[in-house]
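Examining the three-dimensional arrangement
Each chain, written out:
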Amino acid sequence: MTKKLFFGSNLKMYKNTADTVAYLKELEKKTKDIPDITMFIIPSFTTLERASQAVDHRNIMIGAQNMNWEDQGQFTGEISPLMLKELGIDLVMIGHSERRHVFNETDVEENKKVLASLKHGFTTLLCIGETAEEKDFGISAEVLRTQLKVGLHGVKEEDLDRVWVAYEPVWSIGVNGTPARADYAEEMHKEIKKCLKELFGKKGKEIPVLYGGSVNPTNADELIVQKHIDGLFTGRAAWDATKFDLLIRQALKAYKRKDD
Ligand code: PGA
C-alpha cells in the first residue's frame, strides 16, 4: 500500500456511555488485526472518560466533537481544552458541518479552536464543505479555500503533522444527504490538496484529507480508490461495529486491487 488510510466516525448526539463503550470494545476487537490504518471514533462529551479508558489508543484514537478555544472563563456550557486533556483523548474535531450550520460557527471561530487544539497537543481534524447553494453557484472551490485559509491561519509548521482535514459537503451529510459522486469528491480533494500545498509547501501535501458525507458500503470502494482521498469519515454507516469493520475491510480490498 502506498499510503496510510484513515477510517473514523463521529457518533454525533447518539449512544450513551454504556453503548459507546460496548461499541468501541467490539470495534477494537474486530479491527485490531487490520494493519497500517489509522482509526478514530468521536463520541459525545459525556462518554469521553470511559471511552478513552475502553480502548488501546494505538488501535482507536478517541476524539471530541467540539471545544472552546479558551482554557477557562465565563463561557457557560462550553468545554475547554484543559478539560479534554484531563480525559486522555487524542483528537479534537473542529467545524463539523452541524456546528457551522446548526450552531452558526464561523471560520474565525474555527480558527481560534484549531490553534487552541494544536497548542494543547491534540490531533486536530478541521471539517470543511460547501452548501448545495454554493455548489450550484459554482463556488465550491472558493468556499473550501476560504475555510482552509481562515481555519488554518497561523498554524505553525511544527504542528502540521497533527492537522487532518475532512471534506464533507453539507448537502451530502445525514439522513437527507445525497452522497457525493466519487469524481466530484476527487475534484474537490485535489483542490484542497492544492490549497494546502500553497499554504504550507511540501508539508501541506502530507496533511491527510478524508471524505465524509453519506459514506456507505455501496460508495466506499469508489471513494477510497481516488488518488487524493486519504480516508473515509463515516457517520451512520459506522455506528454498528460489525458493519463498520466490513466497510473498512471492503474498502481496503478495493484500494489494494487498484494498487496491484
Ligand atoms: P453521515 O455523516 O455519514 O451519516 O452522512 C457524516 C458526518 O456528519 O460526519
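Below or above, wherever it landed, is the structure these notes cover. Note that the coordinates shown come from a computational prediction; the quantities given were computed from them, not determined experimentally. (Residues numbered from 1 in each chain as written. Predicted model: local features only at pLDDT ≥ 70, side-chain atom pairs only at ≥ 80, totals over all residues. Heavy atoms only, no water.)

**So, the overall build of the protein chain**
This is how the line gets drawn: Each helix corresponds to a stretch of at least 4 residues labelled H or I by DSSP, and each strand to a stretch of at least 2 residues labelled E; elements are numbered beginning at the N terminus. Atoms counted for the radius of gyration: C-alpha only. Globule rule: 2.2 Å times residue count to the power 0.38. Residue burial is assigned from relative accessible area. The probe radius is 1.4 Å, only protein chains are included, and a residue is buried under 20% of its type maximum, exposed over 50%, and partly exposed in between.
A count of helical and extended segments in the protein chain gives eleven helices and eight strands. A compact globule built from 260 residues should have a C-alpha radius of gyration of about 18 Å, and the protein chain, at 17 Å, falls within 12% of that. Judged by the C-alpha coordinates and their principal axes, the protein chain covers about 50 × 40 × 35 Å. Expressed as a percentage of the 260 residues in the protein chain, the buried residues total 55%.

**As for the site of the ligand**
Heads up, the condition is: Distances are taken per atom, and a residue is near a molecule or strand as soon as one of its heavy atoms is within 4 Å of it. In protein, a polar contact requires one atom able to donate a hydrogen and another able to accept it; more generally it is a pair of N or O atoms within 3.5 Å, and residues adjacent in sequence count only if both atoms are side-chain atoms. Using a 1.4 Å probe, accessible areas were evaluated by the Shrake-Rupley method; residue-level cover was limited to the displayed protein chains. Ten residues, namely Ala, Val, Leu, Ile, Met, Phe, Trp, Tyr, Cys and Pro, are considered nonpolar, four, namely Asp, Glu, Lys and Arg, are considered charged, and the remaining ones, Gly among them, are considered polar.
Taken together, K12, H96, E168, S172, I173, G174, G213, S214, V215, G235 and R236 make up the full set of residues adjacent to the ligand. Between S214 and the ligand, the recorded distance is 2.8 Å, taken from a backbone N or O atom to an oxygen atom. A distance of 2.9 Å separates an oxygen atom of the ligand from a polar backbone atom of G235. The protein chains hide 99% of the 280 Å² of surface that the ligand would expose on its own. In terms of residue class, the shell around the ligand is made up of two nonpolar, six polar and three charged.

**Quick notes on helix α1 (residues 17-31)**
For clarity, the threshold we go by: In a helix, the anticipated span is given by 1.5 Å times the number of residues less one. Directions from the helix axis toward the C-beta atoms define the arc. The contact criterion used throughout is that any non-hydrogen atoms of two residues lie within 4.5 Å.
Here α1 contains 15 residues, and its C-alpha end-to-end distance of 21 Å stays within 8% of the 21 Å for a straight helix at 1.5 Å per residue. Taken as a whole, α1 has its buried residues at T20, V21, Y23, L24, L27, E28 and T31. Each buried residue of α1 sits inside an arc of 165° when the element is viewed along its axis, so together they form one side. Check the buried side of α1 and you find it contacts β1 (5-10), β2 (37-42), α2 (48-54), β3 (61-64) and α11 (241-259). Between the side-chain oxygen of the N-cap and the backbone nitrogen of A18 there are 3.2 Å, and the N-cap of α1 in question is N16.

**Here's the deal with the layout of surface pockets**
Let me state the cut-off plainly: We place a 1 Å grid over just the protein atoms. Points where a 1.4 Å probe fits but has no way out form a cavity, open points with protein on both sides within 12 Å along at least 5 of 7 lines form a pocket, and any residue with an atom within 4 Å of a point lines it. Grid points are joined across faces, edges and corners, and a volume is the space filled by probe spheres set on the points.
For the largest pocket, the calculated volume is near 390 Å³. In terms of lining residues, the largest pocket is bounded by 14 residues, among which K12, M13, Q65, R99 and F103 are the most central. A class-by-class count of the residues in the lining of the largest pocket yields five nonpolar, six polar and three charged.

**Quick notes on the sheet that holds strand β5 (residues 123-128)**
The criterion, for reference: Should DSSP find at least two bridges between two strands, the strands are taken to pair. Lines fitted to the C-alpha atoms define the axes, with helices restricted to the stretch that makes contact. Angles between their N-to-C directions range from 0 to 180 degrees.
Pairing in this closed barrel of eight strands is parallel, and the strands run β1-β2-β3-β4-β5-β6-β7-β8 around the ring. Neighbour-to-neighbour, the strand axes of the sheet open up by a mean angle of 25°, direction not taken into account. In the sheet, β1 pairs with β2 via six bridges, with the strands oriented parallel. Bridging from a neighbouring strand, S9 pairs with I41 of β2. Contacting β5 and β6 (163-167), helix α7 (residues 140-151) runs over the sheet at an angle of about 150° to β5. Along the sheet, α11 makes contact with β1, β2 and β8 (231-234), crossing β1 at roughly 155°.

**Structural notes on the packing of α7 against helix α8 (residues 182-200)**
To keep things clear, this is the line we draw: Convention used here: angles under 35 degrees read as roughly parallel, angles over 145 as roughly antiparallel, angles from 65 to 115 as roughly perpendicular, and any remaining angle as oblique. Take the far helix as your reference; a near helix turned counterclockwise from it by less than a right angle gives a left-handed crossing, and one turned clockwise gives a right-handed crossing.
The interhelical angle for the contact between α7 and α8, taken along N-to-C directions, is 40°, at an axis separation of 10 Å. Here α7 is positioned oblique relative to α8, judged by the angle of their axes. The interaxial crossing formed by α7 with α8 has right-handed handedness. For the pair α7 and α8, contact is made by S140, A141, L144, R145, L148 and K149 and by Y184, M188, E191, I192, K194, C195, L196, E198 and L199, respectively. For the contact of α7 with α8, the class distribution of residues is nine nonpolar, one polar and five charged.

**Describing unusual backbone geometry**
Positive phi, normally seen in glycine, also occurs at K12, with a value near 50°. In this structure, K12 sits in the loop between β1 and α1. In this structure, K15 takes a positive phi of about 70° despite not being glycine. When you line up the elements, K15 lands in the loop between β1 and α1.

**Comments concerning the side chain of T31**
Examined against the element boundaries, T31 turns out to sit in helix α1. Within polar-contact distance, the side chain of T31 engages the backbone oxygen of L27 at 2.6 Å. Setting aside residues up to four positions removed in sequence, T31 forms contacts with M39, D245, I248 and R249.

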